[in-house]
Amino acid sequence: MKLDSLDGLMKPKSVAVVGASATPGKIGYTVIQNLQKDGYKGAVYPINPNATEILGYKVYPNVTSIPEAADAAIITVPAKFCLDVVDECGRKGIKNLIIITSGFSEVGDKELEEKMVETAHKYGSRILGPNIVGICSNSEKFNGSFAPFLPLEGKSSLISQSGALLIAIDASSYIRGVGFDKLISIGNMADIDFADLVTWLDKDENTSCISMYVEGFKDGRTFIEACQKASKPIIALKSGVSAHGAAAAASHTGSLAGAAKVYGAAFQQAGVIQAADLDDLFDRSLALSLQPPMKGENLLVLTNGGGVGVLATDAAEKYGVPLKFAPADVQAELKKHMPEFGSAKNPVDMTGMAGNEWYYATTKFSYAHKWVDGLVVLYCETAMTNPLEIAQSIKKAVDDSGVKGKPVTVSFVGGERSVNAMRWLVDHGIPAYGAPDLAINAIAALREFYKMKEIVNEAPISCEGFQYEQAVEIINKARTEGRDSLTEIEAKQVFSIYGLPVTATELAKTEDEAVALAKKIGFPVVMKIVSPDILHKSDAGGVKVNIKDEAAARDAYQTILKNAKAYKANANIHGIAVQEMAPWGTEVILGSVNDPTFGPTMMFGLGGIFVEVLKDVTFRVAPVSQNQALRMFSEIRGAPILAGVRGEAPRDREALADVICRYSSMIIQLQDEISESDANPVLVYEEGKGVKVVDARIILKKKA
Ligand code: ACO
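Draft legend 1. Representation of the overall build of the chain in the model. Of regular secondary structure, the chain possesses 24 helices and 29 strands. In terms of principal-axis extent, the alpha carbons of the chain reach across some 95 × 80 × 40 Å. Each of the 704 residues in the chain was classed as buried or not, and the buried ones make up 57%. Expressed as a percentage of contacts within the chain between residues at least 6 apart in sequence, the contacts between residues at least 24 apart total 71%. Summing over all exposed atoms, the chain offers an accessible surface of approximately 28200 Å²; the carbon and sulfur share of this is 53%. Across the chain, the centroid of the 73 positively charged side chains sits 1 Å from that of the 84 negatively charged ones.

Dropping the structure here:
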């Protein structure tokens, strides 16, 4: 049966409360009380077998007896009764069930939770929860929760996986002066998940920014897809960032993938802005909900204080929106509104003499100027100025400029009068903060939003044309031999099916074959042991490089065999790989894991100590597009090395990005086969000269 659209959940015209209670202090009483006191205008149907009236509402003995199929039911009966209630609601035609009750999968009873979802879906109904606080909606005056009141009004809507945190956010919205239209508690996400709510909120005329507190997704991919399709800004605070599964990983990449890194990558790809902490979630949500994205990189800062100007300059660098000197014409005009000893460069320091008129004139001019893509106005409270008048001048200047679609944020540093002036600004649509770095951070979020949206929907390369069957054949052969990993030669064959430039590598079973292959490939060559029982070839003395002639090849063949047998007497030796010796290049590592939440995921990092010691790596959920791959290069600390250091030419980043795209397509197409893999090292040559995969490793998924 087609599932309901969630309109009735988020904007119910009537609501049943199953488990409503006449006893103050019970959740079933609080929900009725909240609906009433917070002004819900729809019909309310309390349901309780023993009561006749609660807070003036007529009480019904069961769901069947209420006069209509309410848009939503809020369920507050103990867990053991919930399944029957879900079924009764389904029969009545109630399509949206807000199950507040705890005691399901969070305490190990997954089965009961699944049965409820199955039952609900049978009737086309949806479940929010269970184990939630409920929903608060200012625009509907709907407090369908046991949170004490509706939050301060605002334009963000927040989804929270923690009920207690949602209540805390609700209360602190008033203290912080950051409002929300809706607060949605998502709990166990038995049915409705983040993706469903993002999709709905993106269309909601009362929501301009979607904020979320996330502990973990059930299905990371549907979340990414929903966010990619959304046009509104989305900001997430993710908790629980310790590594998971890393200890059990069989590949290099597996041991480096942690929840924080993979979630961070997924948010990037989804176009979701991250909040560093709870304060940041409030601050950035405020800016994202009130202001448009920052479309270019030119940020101008106006101030009456040198100190806050320098703090803003430092913050601009830190948050990725570094200040540039304003062009001469901008400086010349701004100079008219400051004393001789002011500075019009950027930050524009009007000095402590700045009053309403100068703030008005500089804000109006700067905001309208085509060079300026975003404006931050700073103010330190002085005895000669009135913060509210400064705030009003800034707002009037923005309005009078006649320009729309550019972001502005403000910071007032001062006392109570400044705090009140900032409240006034927020009420009038201009985000204002108590410190300059916060105003910069807020505008940086608007810049980040624009940049992410620019590349988020870029198509990855298609898997069509790759010889999937051929790859599976190689894998199946290994499986029939009882192996759970491919040899280097097999792994390279699979890589090359997907167009990865691997070094020519062939297997020799005899010394003469090794010599013949070396001649065919061309000296110098590398020779390596091929044995499923020897994974760390160098440790076993199983690798010889720079073999220059036939005599050296014969010698290497014998030495490698001898070393391998000494390392592991009963090792199953397939032979010796003879491999083209690739010229030196910058070493990088690529790899893949199957993340439990997001599925096939790519890793990139610089090789050698960068990966071994510094763990300087970054991730993307596959498939990865060319621009996302290029972005990965700038995310690692060793980024300058690829850009070319110490007079070296820049490395071939386009070719490397192409390899990442192909690799990511491979792990998508072979996701039922490949568990983890590494290409390590991959040598990257100077621009135009490509890359070479020198070693390859594929670990197979265990089949039932
Ligand atoms: N139909 C209608 N009413 C029913 C039915 C039914 N089938 N079965 C029971 N009821 C009534 C009961 O008679 C009772 O009403 P009464 O007060 O008139 O007797 C009412 O429903 C509630 O049932 P109780 O047995 O009294 O249960 P109680 O109110 O103590 O607890 C609750 C129920 C709140 C659902 C509880 O089981 C629970 O899950 N609590 C935790 C909820 C929670 O915290 N969720 C959010 C987690 S997030 C966070 O941490 C903040």
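Draft legend 2. Region of the structure containing the pattern of salt bridges. Within this structure, the stated rule accounts for 42 salt bridges. One salt bridge connects Arg 284 with Glu 448, and the closest N-O pair in it is separated by 3.4 Å. One end of the pair, Arg 284, is in helix α10 (residues 278-290); the other, Glu 448, is in helix α16 (residues 436-456), and 164 residues separate them in sequence. With relative accessibility at 4%, the residue Arg 284 sits in the buried group. Salt bridges here are not isolated pairs; linked through shared partners, they connect Glu 488, Lys 492, Lys 528, Lys 537 and Asp 695.

Draft legend 3. Local environment of the site of the ligand. The environment of the ligand is formed by 23 residues, the closest being Ser 21, Lys 26, Asn 48, Ser 102 and Asn 131. For the ligand, the protein covers 68% of the area, taking 1000 Å² as the surface of the free molecule. Those elements giving two or more residues to the shell around the ligand turn out to be α3 (79-92) and α5 (163-176).

Draft legend 4. Main features of the sheet that holds strand β12 (residues 209-214). Here 7 strands make up an open sheet; going across it, the order is β9-β8-β11-β10-β12-β13-β14 and the pairing mixed. Here the strands that pair on one side only, and so sit at the sheet edges, are β9 (142-145) and β14 (273-274). Note: strand β8 (residues 134-137) against β9, 4 bridges, orientation antiparallel. Directly across from Gly 134, in β9, lies its bridge partner Ser 145.

Draft legend 5. Seen up close, the pairing of strand β23 (residues 575-580). Burial of β23 is extensive: 5 of the 6 residues sit out of reach of the surface. Here strand β20 (residues 505-508) pairs with β23 via 4 bridges, running antiparallel. Across the sheet, the residue bridging to Leu 507 is Ala 577, located in β23. Across 6 bridges, the pairing between strand β21 (residues 525-530) and β23 is antiparallel. Across the sheet, Val 525 pairs through a bridge with Glu 580, a residue of β23.

Draft legend 6. Looking closely at the environment of Gly 608. Within the element layout of this structure, Gly 608 appears in the loop between β25 (599-606) and α21 (609-612). A relative accessible area of 32% places Gly 608 in the partly exposed class. It is 8.5 Å that separates the C-alpha atoms of Gly 608 and Pro 681, two residues lying 73 residues apart in sequence.

Draft legend 7. Broad picture of the environment of Val 377. Here Val 377 lies in strand β17 (residues 374-380). With a relative accessible area of 0%, Val 377 lands in the buried category. Distance in space between the C-alpha atoms of Val 377 and Val 348 is 9.5 Å, their sequence separation being 29 residues. Apart from residues no more than four positions distant in its own chain, Val 377 is found in contact with Leu 302, Tyr 359, Thr 363, Ile 394, Val 408, Thr 409, Val 410 and Ser 411.

Draft legend 8. Molecular detail of the state of the cysteines. For the structure shown, the criterion picks out 0 disulfides. With no disulfide of its own, Cys 89 lies closest to Cys 82 among cysteine sulfurs, the gap being 9.8 Å. For Cys 89, a relative accessible area of 0% translates into the label buried. Cys 209 carries a free sulfur, and the closest cysteine sulfur to it, the one in Cys 227, is 12 Å from it. Residue classification places Cys 209 among the buried residues on the basis of a relative accessible area of 0%.

Draft legend 9. Expanded view of unusual backbone geometry. Residue Pro 130 is bonded to the preceding Gly 129 through a cis peptide linkage, with omega at -5°. Relative to the assigned elements, Pro 130 resides in the loop between β7 (126-128) and β8. Following Asn 346, the chain continues to Pro 347 via a peptide bond in cis, the omega torsion being 10°. Residue placement: Pro 347 occurs in the loop between α12 (328-335) and β16 (348-349). Within the chain, Leu 55 stands out as a residue other than glycine whose phi angle is a positive 50°. Tracing the chain through its elements places Leu 55 in the loop between β3 (53-54) and β4 (57-58). With relative accessibility at 29%, the residue Leu 55 sits in the partly exposed group. Phi at Met 189 is positive, roughly 50°, even though this residue is not glycine. Topologically, Met 189 is positioned in the loop between β11 (180-185) and α6 (194-203).

Draft legend 10. Layout of α5. Compared with the 20 Å implied by 1.5 Å per residue over 14 residues, the 19 Å span of α5 between its first and last C-alpha is a close match. The largest bend along α5 reaches roughly 25° and is located at Asp 170. Burial in α5 covers these residues: Gly 163, Leu 165, Leu 166, Ile 169, Asp 170, Ser 172 and Ser 173. In this structure, the buried side of α5 is in contact with β10 (153-160), β11, β12 and α10. Looking at where α5 begins, the residue whose side-chain oxygen comes 3.0 Å from the main-chain nitrogen of Leu 165 is Ser 162. Positive phi shows up at Gly 177, right after α5, with a value of about 70°.

Rules and cut-offs
Residues numbered from 1 in each chain as written. Predicted model: local features only at pLDDT ≥ 70, side-chain atom pairs only at ≥ 80, totals over all residues. Heavy atoms only, no water. Helix = DSSP H or I, 4+ residues; strand = E, 2+ residues; numbered from the N terminus. Buried < 20%, exposed > 50% of the residue type's maximum accessible area, 1.4 Å probe, protein only. Contact = heavy atoms within 4.5 Å. Areas by Shrake-Rupley, 256 points an atom, 1.4 Å probe, with all protein chains shown as cover. Lys, Arg positive; Asp, Glu negative; His and termini not counted. Charge placed at Lys NZ, Arg CZ, Asp CG, Glu CD. Salt bridge = Lys/Arg side-chain N within 4 Å of Asp/Glu carboxyl O. Near = heavy atom within 4 Å. Pairing = 2+ DSSP bridges. Disulfide = S-S within 2.5 Å. Expected span 1.5 Å × (residues − 1). Bend = angle between axes of the 7 residues up to and from the residue. Polar contact = N/O pair within 3.5 Å; in protein donor to acceptor, adjacent residues only side chain to side chain.

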